[in-house]
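# Observations on the three-dimensional arrangement
So you can see what is in the structure, the chains are spelled out below.
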Amino acid sequence: MDNIDQKTISPARRLRGEITVPGDKSISHRAIMFASLAQGQSRIRGLLRGEDCLSTLKAFQQLGIEVEEKSAAELIIHGRGLDGLQEPADVVDCGNSGTTMRLMSGILAAQPFFSVLTGDQYLRKRPMGRVINPLVGMGAKIFGRDKHTRAPFAIVGGGLQPTEYRSPIASAQVKSAVLLAGMQIDGETTVYEPHLSRDHSERMLRCFGAEIESFPGGAKVKGRVMLRGQEINVPGDISSAAFFLVAGLIVPDSELLIKNVGVNPTRSGIIDILQQMGGSIELTNPRELSGEPVADLLVRSSNLHGIEIGGELIPRAIDEFPVVSVAAAVAAGVTTIRDAKELRVKETDRIAAMCETLGSLGAAIEPRDDGMVITGGRALSGGRVNSFGDHRIAMSMAIAALVAEGTVDITDTSCTETSFPNFWGLLQQIVEG
Ligand code: S3P
């Protein structure tokens, strides 16, 4: 393994070990946000210290929130209540983080001050109309690039009315943005979605004392209910565990125990997909942590076969398709992924990126408008691939490299810092031979 921005991964003989992955990214963002909006002190343990969550932390410090770093594993946030945020003195930079930008739009739209959100070169290309439109529908004044659909955008907050919003896409970021705006104003705000997206906002807001109801097809929040500071324990991120689940399945003679992983049913699609492909994954020691189901995952090498993936499984595994495509390239037979057009507007176009990178190692992978068709079982060769600046593409290619016939050089790998700061070290730790 090389310098900070290029890694060389060699084929692995087998994988063994017991590991924990860093805190869940989605839950970490929400813990910082809701603790800031709560009255009084919150203690957060296990927060992900990746760049995305640090963008959220810095943003709330700009909004006047005091943060105490107790240790690498523990943080105290001094919440100032729904009306305690201050106008930021400068532009708020969300870095690479779509969750920071979209959820903060909902929070800031209801605050009686001016703010501007921007992000890195990738985030500035991503669609923001999906949150700006419903917020404007509630009365927000938001002005941005590309006819108010892209960052940077400016928010003149305040004067919102509650809404009943029917989202055309199953997106937790859209759902959360509208609910967070509605939570701060008088009245009830409801969001309907075509399939259930991750429900971390609903679960955690309930822990903080919000009156929020989940029902099949959506969620409803009552406005102006005071949030109170809490102790939040963040479980390990299933989206980070996913790389090691696939690695443990496809590298022969492997056995890995991944401890303390969040297995919320709105996120655990990857386990269902890999089990349907014939993967041996056992959930042990089930428990609950801050309103979220958690378990240890035991994975053993398995002979995988191709399957069809679509419908409600897509939002339940939306961040895992790069590494699912690696599993599919190794599996016997054809895997079809459909209904997944959203992959085109993630940190990069993940359909195009996986077809190019995995294809360049010899996989039979074809793009579709809304997914991919992968014919598995062809040997992967060594080579040189680029991450497109996307953390999950970089890590997926590292997993593919474990079963390639030669070494794989992956360039532009510092992006893994956004969600998984010790990924390369952990990978080295479990590889034997
Ligand atoms: C996230 C929701 C998902 C996911 C993203 C994190 C969240 O995005 O892809 O990585 O924390 O709410 P969408 O809501 O746009 O599907």
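It should be noted that the structure appears before, not after, this text.
Presented here is a report on the structure given in the accompanying data block. (Residues numbered from 1 in each chain as written. Predicted model: local features only at pLDDT ≥ 70, side-chain atom pairs only at ≥ 80, totals over all residues. Heavy atoms only, no water.)

### A look at the sheet that holds strand S1 (residues 6–9)
Filter applied, for reference: Between any two strands, at least two bridges found by DSSP are needed for them to pair. Think of it this way: any DSSP run of H or I at least four residues long counts as a helix, any run of E at least two long counts as a strand, and we number them from the N terminus. For every element, the axis is a line fit to its C-alpha atoms; helices are fit only across the contacting stretch, and the angle between N-to-C directions ranges from 0 to 180 degrees. Contacts are residue-level and defined by heavy atoms, with any inter-residue pair within 4.5 Å sufficient.
Strand order across the open sheet formed by 3 strands is S1-S23-S22, with mixed pairing between neighbours. The open sheet is flanked by S1 and strand S22 (383–386), the only strands paired with a single partner. Pairs of neighbouring strands in the sheet enclose a mean axial angle of 20 degrees, with direction left out of account. Pairing of S22 with strand S23 (residues 408–411) involves 4 bridges; the strand directions are parallel. Residue pairing across strands places glycine 383 opposite valine 408, the latter belonging to S23. Contacting S1, S22 and S23, helix H13 (residues 391–402) crosses the sheet at an angle of about 175 degrees to S23.

### Description of the side chain of serine 176
Note the following rule: Exposed residues in this analysis have more than 50% of their type's maximum accessible area, buried residues have under 20%, and partly exposed residues fall in between, with area computed by a 1.4 Å probe over protein chains only.
Here serine 176 is to be found in helix H6 (residues 172–183). Looking at serine 176, the relative accessible area reads 1%, which means it is buried. In this structure serine 176 touches Arg30, Leu103 and Ser201, once residues within four positions along its chain are discounted.

### A short note on the packing of helix H1 (residues 25–37) against helix H7 (residues 200–207)
What describes two packed helices is the angle between their axes and the distance between those same axes. In plain terms, the rule: Here the word oblique covers every angle except those under 35 degrees (roughly parallel), over 145 (roughly antiparallel) and from 65 to 115 (roughly perpendicular). Crossing handedness is read from the near helix: turned anticlockwise from the far helix by less than a right angle, it gives a left-handed crossing, and turned clockwise, a right-handed one. Note on residue classes: Ala, Val, Leu, Ile, Met, Phe, Trp, Tyr, Cys and Pro are nonpolar, Asp, Glu, Lys and Arg are charged, and everything else, Gly too, is polar.
One can describe the packing of H1 onto H7 by two numbers: an axis separation of 10 Å at closest approach and a directional angle of 40 degrees. Put simply, H1 runs oblique to H7. Helix-helix and strand crossings are classified by hand; for H1 and H7 the assignment is right-handed. For the pair H1 and H7, contact is made by Ser26, Ile27, Arg30, Ala31 and Phe34 and by His200, Ser201, Met204 and Leu205, respectively. When the residues that make up the contact of H1 with H7 are grouped by side-chain class, the tally is 5 nonpolar, 3 polar and 1 charged.

### With respect to the sheet that holds strand S13 (residues 218–222)
If you walk across this open sheet you meet the 4 strands as S10-S11-S13-S12, and the pairing is mixed. Each edge of the open sheet carries a strand with a single partner, namely strand S10 (164–166) and strand S12 (212–215). Between one strand axis and the next, the sheet turns by 10 degrees as a mean value, whatever way the strands run. Note that S12 and S13 share 4 bridges and pair antiparallel. Opposite glutamate 213, over in S13, you have lysine 220 as the bridge partner.

### As for the pattern of salt bridges
Spelled out, the test is: A side-chain nitrogen of Lys or Arg and a carboxyl oxygen of Asp or Glu constitute a salt bridge if their distance falls within 4 Å.
Enumeration according to the criterion identifies 34 salt bridges in this entry. A salt bridge links glutamate 188 to lysine 220; the shortest N-O distance between them is 3.6 Å. Placement of glutamate 188 in strand S11 (residues 188–192) and of lysine 220 in strand S13 is noted, with a sequence separation of 32 residues between them. Classification of glutamate 188 as partly exposed rests on a relative accessible area of 46%. Taken together, the salt bridges that share partners define one network made up of Arg198, Asp319, Glu347, Arg350, Asp390 and Arg392.

### Regarding empty space enclosed by the protein
Let me state the cut-off plainly: Two kinds of site are reported from a 1 Å grid over the protein atoms alone, namely cavities, where a 1.4 Å probe fits but cannot get out, and pockets, open sets with protein on both sides within 12 Å along at least five of seven lines, and residues are called lining when an atom falls within 4 Å of a point. Grid points are joined across faces, edges and corners, and a volume is the space filled by probe spheres set on the points.
This model, assessed by the stated rule, comprises 2 cavities of 30 Å³ or more. Of the pockets and cavities examined, the largest cavity occupies roughly 50 Å³. Lining the largest cavity we find Ile27, His200, Arg203, Met204, Ile232, Leu289, Ser290 and Glu292. Element by element, the count of residues in the lining of the largest cavity is highest for H7, at 3 residues. Of the residues belonging to the lining of the largest cavity, the class tally is 4 nonpolar, 2 polar and 2 charged.

### As for the environment of histidine 305
Put simply, the rule reads: Residues adjacent in sequence count toward polar contacts only when both atoms are side-chain atoms; beyond that, a polar contact is any pair of N or O atoms within 3.5 Å, and within protein one must be able to donate a hydrogen and the other to accept it.
Along the chain, histidine 305 turns up in the loop between strand S17 (292–300) and strand S18 (308–309). Separated by 211 residues in the primary sequence, histidine 305 and cysteine 94 have C-alpha atoms spaced 40 Å apart. Not counting residues up to four positions away in its chain, the partners in contact with histidine 305 are Gln276, Met277, Gly278, Ala331 and Ala332. Among the polar contacts listed, one links the side chain of histidine 305 to the backbone oxygen of glutamine 276, at a separation of 3.4 Å.

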